[in-house]
Amino acid sequence: MKVLVINAGSSSIKYQLIDMTNEALLAKGQCDRIGIDGGNFKQKNADGTEYKVEVDIPDHAAGIKLVVDALTDKDHGVIDSMSEIGAVGHRVVHGGEKFSGSVVITEDVIEAVKECSVLSPLHNPANLTGIRACQEIMGMDVPQVGVFDTSFHQTMPDFAYMYAIPYEYYEKYKLRRYGFHGTSHRYVTARAAAMLGKKPEEINIVTCHLGNGSSIAAVKGGKCFDTTMGVTPLEGLMMGTRCGNIDPAIIPFLMEKEGMTAKDIDTMMNKKSGILGVTGGVTSDNRDIEEGARNGNERYKLIESMLCHQITKFVGGYAAAMGGVDAIVFTGGIGENNPQYRSRVGGNLKFMGVEIDEEVNAKAKRTSDENDISTADAKVKVLVIPTNEELMIARDTYELVK
C-alpha cells in the first residue's frame, strides 16, 4: 500500500508519498501561498529529480489536485494513477481530550476536530481544510486517517496536566496541559528503545524536540509522563518566535503600560518573542545565532546560554520526577544539528551520570544517521535521533486501514 501523508496549513500543503511495503519515500513536496498571489509548487522524488512551477493556487482543493497530478505525471511522477494511493494520513494538531490515538476519519471525527478548534484556532481549521480537499479531489472511497500532535501526551497523570487555576475553567473550557510534537516524541521513543536493546516499557527517557518550535517530554515506561507545551504550543522552552514560560503577571503589566489588547499580547508572545525577541527582531533562526555567537555577538551568546539553561532545567527536573532516566534524546532541527548545545547540556548533567563523547558528538551533525554520543561508561545514554513524523503518520494510517 502507498500512503499519502498530508500536513495542511492555512496557506500551504506539505506532503510525502510512502510505499509501506518497505517504508520507502517515493516523493515529497509542498504547495505554498495557497489563496495568495505568487503561489508555487515543488516536488522532489526519491531519485533526486525535482519539479517546480509557479502557479496560482486558489484553494486547498486546487493544491491537492496539483499534488495528485504531479505524483501521477508521466514525465515527473512516481505512480501511474491515483488509484495506487491506498490511504491518506493527515497531521491534525489538536485532539483535545477526545483522541488518545490515531483514528479513521469519519464525519463524527470531523465534528470532534471542529470542537477542538477553540483550543487551536490557527491549526485545526487548516487541517480540516486539507481533509475536505482530499475528499473532494480523491473521493470518499479513499480512507483517511487523523494523527494528532496531542494524542501521545494523553497518558499524562492528572497531577502533571492540571493547572492551578479555578477548577471550573477546566470543567468549562478543558484548560489543561495537552502537549504537542507527540508524533515526533513517539517516534524517537521507539527508536531510542531499539538503540538501547530494550522495550519502551522497560526504560525512562527524556526526549528533546528542538527546532523553531521546541518541546521536551518525560517518557516513563514508553508512555508520556509530562511535557513542556501546554494548552497551546506557547508554553515551555523559548523558541524561534515564542516566549515559552514567563511570569503571567507580565501580561496585565504590558496591557496597562503599553495599552496592548489581548490580541496584541497574543501576537507578541507567539510571533515577536523567543529568539526573535531577544535579538531585537533581527532573526529567529538558530543558525544565525550560532554564527553570531562564534563572532562574538554578546546578545547571541546570551540566547545560547538561556536555551541551554532551560533545556538543562527541564531534563533534570523530568529525570527527578520519573525517579531516574536511562537516556536523553535530541531531535528536531536544532537537536540534530547543534553539537554545542548537546555538549553544554551534557556537561550540566554530569552529576546524574551523563558523559558526552565529544568526538562522536561533533560528527553527529547534519546527518540522517542515529548516533549514541555518550561514552561507553556513561550511566545515562545521550542519543541523537533524526525524527520522522511523516513515517509515523504513514505507519498509523497503514495499520488502521490495511
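Residues numbered from 1 in each chain as written. Predicted model: local features only at pLDDT ≥ 70, side-chain atom pairs only at ≥ 80, totals over all residues. Heavy atoms only, no water.

**Considerations on the overall build of the protein**
So, step 1. Secondary structure assignment for the protein yields 15 helices and 14 strands.
So, step 2. Relative to a compact globule of 402 residues, whose C-alpha radius of gyration would be 21 Å, the protein shows 21 Å and is just as compact.
So, step 3. Considering only C-alpha atoms, the protein reaches an extent of 60 × 55 × 45 Å along its principal axes.
So, step 4. Counting over 402 residues, the protein shows a buried share of 51%.
So, step 5. Long-range pairs, those at least 24 residues apart, make up 61% of the contacts in the protein between residues at least 6 apart in sequence.
So, step 6. Just so you have it, the protein exposes about 18,400 Å², and 49% of that area is on carbon and sulfur atoms.
So, step 7. Taking the average place of the 43 positive charges on the side chains of the protein and the average place of its 54 negative ones, the gap between the two points comes to 4 Å. (Helix = DSSP H or I, 4+ residues; strand = E, 2+ residues; numbered from the N terminus. Rg over C-alpha atoms; globule rule 2.2 N^0.38 Å. Buried < 20%, exposed > 50% of the residue type's maximum accessible area, 1.4 Å probe, protein only. Contact = heavy atoms within 4.5 Å. Areas by Shrake-Rupley, 256 points an atom, 1.4 Å probe, with all protein chains shown as cover. Lys, Arg positive; Asp, Glu negative; His and termini not counted. Charge placed at Lys NZ, Arg CZ, Asp CG, Glu CD.)

**Observations regarding the environment of aspartate 372**
So, step 1. Of note, aspartate 372 is situated in strand β13 (residues 371-372).
So, step 2. Measuring from C-alpha to C-alpha, the distance between aspartate 372 and valine 360 comes to 8.0 Å, with 12 residues separating the pair along the chain.
So, step 3. Contact partners of aspartate 372, with chain neighbours within four places excluded, come to Met195, Val360, Lys381, Val382 and Leu383.
So, step 4. A polar side-chain atom of aspartate 372 sits 2.4 Å from a polar atom in the side chain of serine 374. (Polar contact = N/O pair within 3.5 Å; in protein donor to acceptor, adjacent residues only side chain to side chain.)

**A few points about the layout of surface pockets**
So, step 1. Estimated volume of the second largest pocket: approximately 650 Å³.
So, step 2. As for the second largest pocket, its lining consists of 15 residues, and the residues nearest its centre are Tyr163, Val231, Leu234, Glu235 and Ile251. (1 Å grid on protein atoms, 1.4 Å probe; cavity = no way out; pocket = protein on both sides within 12 Å on 5 of 7 lines; lining within 4 Å. Points joined across faces, edges and corners; volume = space filled by probe spheres on them.)

**A few points about the packing of helix α6 (residues 182-196) against helix α15 (residues 389-401)**
So, step 1. Following both chains from N to C, one finds α6 and α15 inclined at 90 degrees, their axes separated by 9 Å at the closest point. Put simply, α6 runs roughly perpendicular to α15. Within the contact between the two elements, α6 uses Thr183, Ser184, Arg186 and Tyr187 and α15 uses Glu389, Leu391, Met392, Ile393, Arg395 and Asp396.
So, step 2. Residue classes in the contact of α6 with α15 are distributed as four nonpolar, two polar and four charged. (Axes fitted to C-alpha atoms, helices over the stretch in contact; angles between N-to-C directions. Parallel < 35°, antiparallel > 145°, perpendicular 65-115°, else oblique. Nonpolar A, V, L, I, M, F, W, Y, C, P; charged D, E, K, R; others polar.)

**Points about the side chain of asparagine 124**
So, step 1. Here asparagine 124 is to be found in helix α3 (residues 124-138).
So, step 2. On the basis of relative accessibility, which here comes to 0%, the residue asparagine 124 falls in the buried class.

**Some details on the packing of aromatic side chains**
So, step 1. Counted according to the given criterion, the structure contains seven aromatic pairs.
So, step 2. Plain terms: the ring middles of tyrosine 15 and phenylalanine 41 are 6.1 Å apart, the flat faces sit at 10 degrees to each other, and that makes the pair stacked. In this pair, tyrosine 15 is assigned in strand β2 (residues 12-19) and phenylalanine 41 in strand β4 (residues 40-45), connecting sequence segments 26 residues apart.
So, step 3. For tyrosine 15, a relative accessible area of 3% corresponds to the buried category.
So, step 4. Classification of phenylalanine 41 as buried rests on a relative accessible area of 1%.
So, step 5. Grouped by ring-pair contacts, the aromatic residues Tyr15, Phe41 and Tyr51 constitute a single cluster.
So, step 6. Taking the ring centre of tyrosine 170 as reference, the NZ or CZ of lysine 174 above it sits at 4.8 Å.
So, step 7. Above the ring of phenylalanine 225, the side-chain terminus of lysine 220 is found at 5.1 Å from the ring centroid. (Phe/Tyr/Trp six-rings, centres within 6.5 Å; stacked < 30°, edge-to-face > 60°. Lys NZ or Arg CZ within 6 Å of the ring centre and 35° of its normal.)

**Focus on the sheet that holds strand β11 (residues 223-227)**
So, step 1. On the basis of which strands lie adjacent, the open sheet formed by six strands has the order β11-β10-β9-β12-β14-β13 and mixed pairing. Here the strands that pair on one side only, and so sit at the sheet edges, are β11 and β13.
So, step 2. Where β13 lies against strand β14 (residues 381-384), two bridges are found, and the strand directions are antiparallel. In the sheet register, aspartate 372 faces β14, and the bridge partner there is leucine 383. (Pairing = 2+ DSSP bridges.)

**A short note on the side chain of aspartate 396**
So, step 1. Turning to its location among the elements, aspartate 396 is positioned in helix α15.
So, step 2. With residues up to four places along the chain from it excluded, the contact list for aspartate 396 reads Ser102, Val147 and Arg186.

**With respect to helix α8 (residues 262-271)**
So, step 1. Residues of α8 that are buried include every one of Ile265, Met268 and Met269, and no others. Relative to the axis of α8, the buried residues are bounded by an arc of 90 degrees and lie together on one face. Turned more than 90 degrees off the buried face of α8, the exposed positions are Lys263 and Lys271.
So, step 2. Elements that come into contact with the buried residues of α8 comprise α7 (250-258). (Arc of directions from axis to C-beta.)

**Some remarks on unusual backbone geometry**
So, step 1. Located in the positive-phi region is lysine 174, a residue other than glycine, with phi close to 55 degrees.
So, step 2. Inspection of the secondary structure puts lysine 174 in the loop between α5 (167-173) and α6.
So, step 3. Despite not being glycine, histidine 181 shows a phi value in the positive range, around 60 degrees.
So, step 4. Topologically, histidine 181 is positioned in the loop between α5 and α6.

**Observations regarding the sheet that holds strand β7 (residues 103-104)**
So, step 1. The sheet built from eight strands is open, its strands ordered β5-β4-β3-β2-β1-β6-β8-β7 with mixed pairing. Every other strand in the sheet has two partners, leaving β5 (50-54) and β7 as the edge strands with one partner each.
So, step 2. Pairing of strand β1 (residues 2-8) with strand β6 (residues 85-92) involves five bridges; the strand directions are parallel. By the bridge assignment, isoleucine 6 is partnered in β6 with histidine 90.
So, step 3. Packed onto the sheet, helix α1 (residues 60-72) meets β1, β2, β3 (24-32), β4, β5 and β6 and runs at close to 30 degrees relative to β2.

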